[in-house]
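Spelled out, the chains give:
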Amino acid sequence: MAGLAAPWLSSCAGAPEDDASTGASGGSGGGGGGDLTVYWNAGHAYAAYDKVIAEFQEEHGVTVNMQKYQWDDLRTRLLSDLASGNPPDLVEESGGWVQEFATTGDALSLQEYVDADGEEMGFPEDWQPKTISRNSYEGEVYGIQLHLTCTMLLYNRAMLDAAGVEVPTTWDDFLDAATRLTGDGVYGFALNQDRSYSWPWLLQNGVRYYDPDGGDLLVPRDKAIEALQFQADLVHRHQVAPVPTPGTDYSGPQKLLSAGRAAMILTGPWDLAPIQQTSPDLNLGVAPALANDVQATVQAGTSVFIPRKAKNPDLAWDFIKRITALDVEKAATEEAGMLMPRLSWAEDPVVQENERYAAFAEGFAYAVDYTEDLRLTGKSGEINEQLYNTLYQDVVMNNTPAETAVDTFVTEARKVLDA
Amino acid sequence: MSAATTTAPSPSEAPPLRPRGPFRRSLNRRYVITAYLFLLPAFAFFGLMFYLPIGNVIANSFNTGPQADVYAGLENYRRALDDSAVHNSFTVTVVFGAATTIGAIVLGLGLAMVLNQRLRGRVVFRAMLLVPYLTSVAIIGLLWRNILDPQLGILNRVLSDLGLPTQTWLNTHPLATIIAVTLWMNVGYTMVLFLAGLQGIPEEFYEAATVDGAGPWQRFWRITLPLLTPTTLFVSVMAVISGLQAFGQAYIITGGGPADRTDLYIFHVFNVAFTSRDFGYASALSFLLFLVIVLFTVVQLRLGRRGEVQY
């Protein structure tokens, strides 16, 4: 019975066909009482946003129903709601969903709103250019970037100083540093169990996830194999990193760094606050991304979008304008260390005078949205979240030769693309 | 009149009043209507919460697309037969279901036998063993995930303090680990069931067997085990169903990894539905599991009933 329940959520009958809320200001859902239902990531419930919500509620006379979820649960809930024709008014997404839901017709085009209000809010001129394309589909804007992050090398400065190790800049330097830092219950580095953390290495080796022209995956193949094998070797050959534990929690390396059990990790700004809270005395450094063939890292961050069948799209758009304002961005950064997509934010003294924020902000220049081409195939879920996950875990956890695992991945992924 | 009176049966001997003709039909109709009115909430509940969704899933299994609104005929079923990920998750689930079922019976019966003795504090032990079963699988999963963490978990800390080598349980033996956690969680429940079964066996059987010279093993094999057949059958049917439908262990503890080694079937279906957003295919996979569970249950019931004995 339980097995039958999950897919049934997709088929709750009675989804209205003709209640799509379209149009910009003046369209449906103008407010004046009622609720604005917002799905939000549980880790992004900042006091800076609470202030915006309070003002919004007072001005519009509505209640903002902020429903907070972890990403996986948020997606499950959202897909169920979309299937039943009863979606929320606004959704924060983890990166990549905007285009996915735009292609399936579940996201509302924001182009008319942007045309009307873009200049006033500084969109798109004040947003990092890369954040526009990742939230657009067929020339129209479907989402607005809320946070912009990237993955950088975080290190325990005291450990590096004690070992006389310079901050690494290349793969060779990195391996040498990790080797020298390993010992006495401390690992030089800690890999994440989450597959997305493997991508800085692949990008630094010049690998593209999907080549839309050739229709091929992980190209150049030998470079992809080399990058994956390098990570596995850190664990199994050089033994400078513990084997990552499978699961859904991506905070393992952060906990090891905080506990003084790892000297270096790859992560984003979301781990700055937990490290500060659990280990306030840790002398944390943020280094630029490593370079092998090129210097590169993963671009990440969340966006907000309005479902096509949202009941209050106008209110939702007004909420977007308020929550992406520069002052709110700065307040959220000061409060939680989160990084933001506005160009003016990156130039602000709040960022420039903080060594850690500035280091991350510099990474935006070479950070890559590595799944963009794959997302546009509509097959990203199966290929990236299932098949690539298996590939990464097989190589790094099971120590399967990268060449073998990549061959299996490409064969299976091609089947998905051809289906 | 008087004769009639004297020959009339006493009230206790009188045949029951049986209304005849139209009155009887009317009364029957009223009974039937009343009965159905009382049953209506149950029918409505099961219809709405079980049979309608099942029907919907079956209908969806012939569709495809993100909204499962494009007719695909039998394509989803054909695809399932050729899908190596499905074959893997089915194999993993059968191993998981078999191990948790056999483990639940053996351990549950063993504990029940021990705690059926007149031991001091047995009530406390029974209660303690039942506590994990009363706890949410999510909490159990998080608890064991933290205990088993190879770097920061308490288990490796204890092993290390004892001078023993530390282990990466979730990497080296992930399926065995979640089987062990599941048994730890469920064994208290099967113990209670077996305990009830053991207490239903008359003591005279054991006394007679002892008088006839039967030893402890003979008494166990000839009396205890045969008379526990109904309990064993119930436990095995329920354990197989819950084993084949297990989800939380993969979702919370391992995420299906490493590399799909704990990709339990329902977890796989969940990912097909909510990660790949392929609800039609997920529906087909769900329906196939439903058929497998029905098949297993029918076979178990037939085999179990054949083994029932009465003294």
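Residues numbered from 1 in each chain as written. Chains lettered and ligands numbered in written order. Predicted model: local features only at pLDDT ≥ 70, side-chain atom pairs only at ≥ 80, totals over all residues.

Some words on the pairing of strand 12 (residues 262-267) of chain A
Residues and elements named next belong to chain A.
Here comes step 1: Across the six residues that make up strand 12, a large majority, six, are buried.
Here comes step 2: Sheet topology places strand 8 (residues 152-156) next to strand 12; four bridges connect them, and they run antiparallel. From the neighbouring strand, tyrosine 155 faces strand 12, where its bridge partner is methionine 264.
Here comes step 3: Examined bridge by bridge, strand 9 (residues 187-190) and strand 12 share three bridges and lie parallel to one another. Bridge pairing links alanine 190 to isoleucine 265 in strand 12. (Buried ≥ 20, exposed ≤ 12 C-beta atoms within 10 Å, placed from the backbone. Helix = DSSP H or I, 4+ residues; strand = E, 2+ residues; numbered from the N terminus. Pairing = 2+ DSSP bridges.)

With respect to the domain arrangement of chain B
Here comes step 1: What the domain assignment reports for chain B is domain 1 (22-56) and domain 2 (76-306).
Here comes step 2: Spacing between the C-alpha centres of domain 1 of chain B and domain 2 of chain B amounts to 37 Å. (Domains from an automatic or database assignment.)

Let's talk about the packing of helix 14 (residues 265-274) of chain B against helix 15 (residues 279-306) of chain B
Residues and elements named next belong to chain B.
Here comes step 1: The geometry of helix 14 relative to helix 15 is characterised by a closest axis approach of 8 Å and an angle of 160° between their N-to-C directions. Here helix 15 runs roughly antiparallel to helix 14, going by the angle between their axes. When you trace helix 14 past helix 15, the crossing you get is left-handed. Judged by residue contacts, Tyr265, Val269, Val272 and Ala273 of helix 14 engage Phe279, Tyr281, Ala282, Leu285, Ser286 and Leu289 from helix 15.
Here comes step 2: Its residues assigned to classes, the contact of helix 14 with helix 15 comprises nine nonpolar, one polar and no charged. (Axes fitted to C-alpha atoms, helices over the stretch in contact; angles between N-to-C directions. Parallel < 35°, antiparallel > 145°, perpendicular 65-115°, else oblique. Left-handed = near helix turned anticlockwise from the far one by under 90°. Contact = placed C-beta atoms within 7 Å. Nonpolar A, V, L, I, M, F, W, Y, C, P; charged D, E, K, R; others polar.)

Considering the UniProt feature "domain: ABC transmembrane type-1" (unreviewed entry) in chain B
Here comes step 1: Under the feature "domain: ABC transmembrane type-1" (unreviewed entry), the UniProt entry names residues 90-300 of chain B.
Here comes step 2: Its end C-alpha atoms 19 Å apart, residues 90-300 of chain B is made of 78% helix and 0% strand. (UniProt positions renumbered as here; feature names shortened; annotations may be inferred.)

Looking at the interface of chain A and chain B
Here comes step 1: Of the residues lining the interface, 34 residues belong to chain A; the matching set on chain B comes to 42 residues.
Here comes step 2: Broken down by secondary-structure element, the contributors of at least two residues to the side of chain A that touches chain B are helix 1 (2-8), helix 3 (71-84), helix 11 (252-258) and helix 19 (380-396) of chain A.
Here comes step 3: Here the residues of the side of chain A that touches chain B are counted per class, giving 15 nonpolar, 13 polar and six charged.

Quick word on the UniProt feature "transmembrane region" (unreviewed entry) in chain B
All names here are of chain B.
Here comes step 1: UniProt's entry tags residues 31-52, 90-115, 127-147, 175-196, 227-247 and 279-299 with the feature "transmembrane region" (unreviewed entry), counted in the numbering of this structure.
Here comes step 2: Between the first and last C-alpha atoms of residues 31-52 the distance is 28 Å; the span itself is 100% helix and 0% strand.
Here comes step 3: Each end of residues 175-196 is marked by a C-alpha atom, and these two atoms are 31 Å apart; helix forms 100% of the span and strand 0%.

Observations regarding helix 8 (residues 171-181) of chain A
Residue and element names in this part refer to chain A.
Here comes step 1: Within the span of helix 8, buried status applies to Phe174, Ala177, Ala178 and Leu181. Seen along its axis, helix 8 keeps its buried residues to an arc of 100°; they face one direction.
Here comes step 2: Elements that come into contact with the buried residues of helix 8 comprise helix 7 (157-163), strand 9, helix 10 (221-236) and strand 12.
Here comes step 3: Downstream of helix 8 by a residue or two, glycine 183 has a phi angle that is positive, lying close to 145°. (Arc of directions from axis to C-beta.)

A look at the packing of helix 12 (residues 229-244) of chain B against helix 15 of chain B
Residues and elements named next belong to chain B.
Here comes step 1: As a packed pair, helix 12 and helix 15 sit with axes 10 Å apart at the nearest point and diverge in direction by 170°. One finds that helix 12 runs roughly antiparallel with respect to helix 15. In contact with Thr229, Leu233, Ser236, Val237, Val240, Ile241 and Leu244 of helix 12, helix 15 contributes Leu289, Val292, Ile293, Phe296, Thr297, Gln300, Leu301 and Gly304.
Here comes step 2: Looking at side-chain class alone, the contact of helix 12 with helix 15 contains ten nonpolar, five polar and no charged residues.

Notes on the sheet that holds strand 2 (residues 63-69) of chain A
All names here are of chain A.
Here comes step 1: Overall, mixed pairing links the five strands, which are arranged 2-1-3-15-6 in an open sheet. Pairing within the sheet leaves two strands with one partner each, and these edge strands are strand 2 and strand 6 (143-145). Adjacent strand axes in the sheet meet at a mean angle of 20°, parallel and antiparallel pairs treated alike.
Here comes step 2: For strand 3 (residues 90-93) and strand 15 (residues 303-305), the ladder comprises three bridges, and the chain directions are antiparallel. Its bridge partner lying in strand 15, valine 91 is registered against phenylalanine 305.
Here comes step 3: Packing against the sheet, helix 13 (residues 313-323) makes contact with strand 1 (35-41), strand 3, strand 6 and strand 15, and its axis sits at approximately 50° to strand 1.

Focus on the nonpolar core
If you look at soluble globular proteins, the nonpolar side chains tend to sit buried side by side.
Here comes step 1: Core analysis: the biggest nonpolar cluster contains 172 residues, and Phe189, Ala190, Ala262, Ala316 and Val406 of chain A together with Leu285 of chain B have the highest contact counts within it.
Here comes step 2: Of the residues forming this core, the biggest block, nine residues, is contributed by helix 9 (residues 174-199) of chain B.
Here comes step 3: Once you skip the residues sitting within four places of it in the chain, alanine 190 of chain A turns out to touch Ala241, Pro242, Gly252, Pro253, Leu256, Leu257, Ala262 and Ile265 of chain A. (Core = buried A, V, L, I, M, F, W, Y, C linked by C-beta atoms within 7 Å.)

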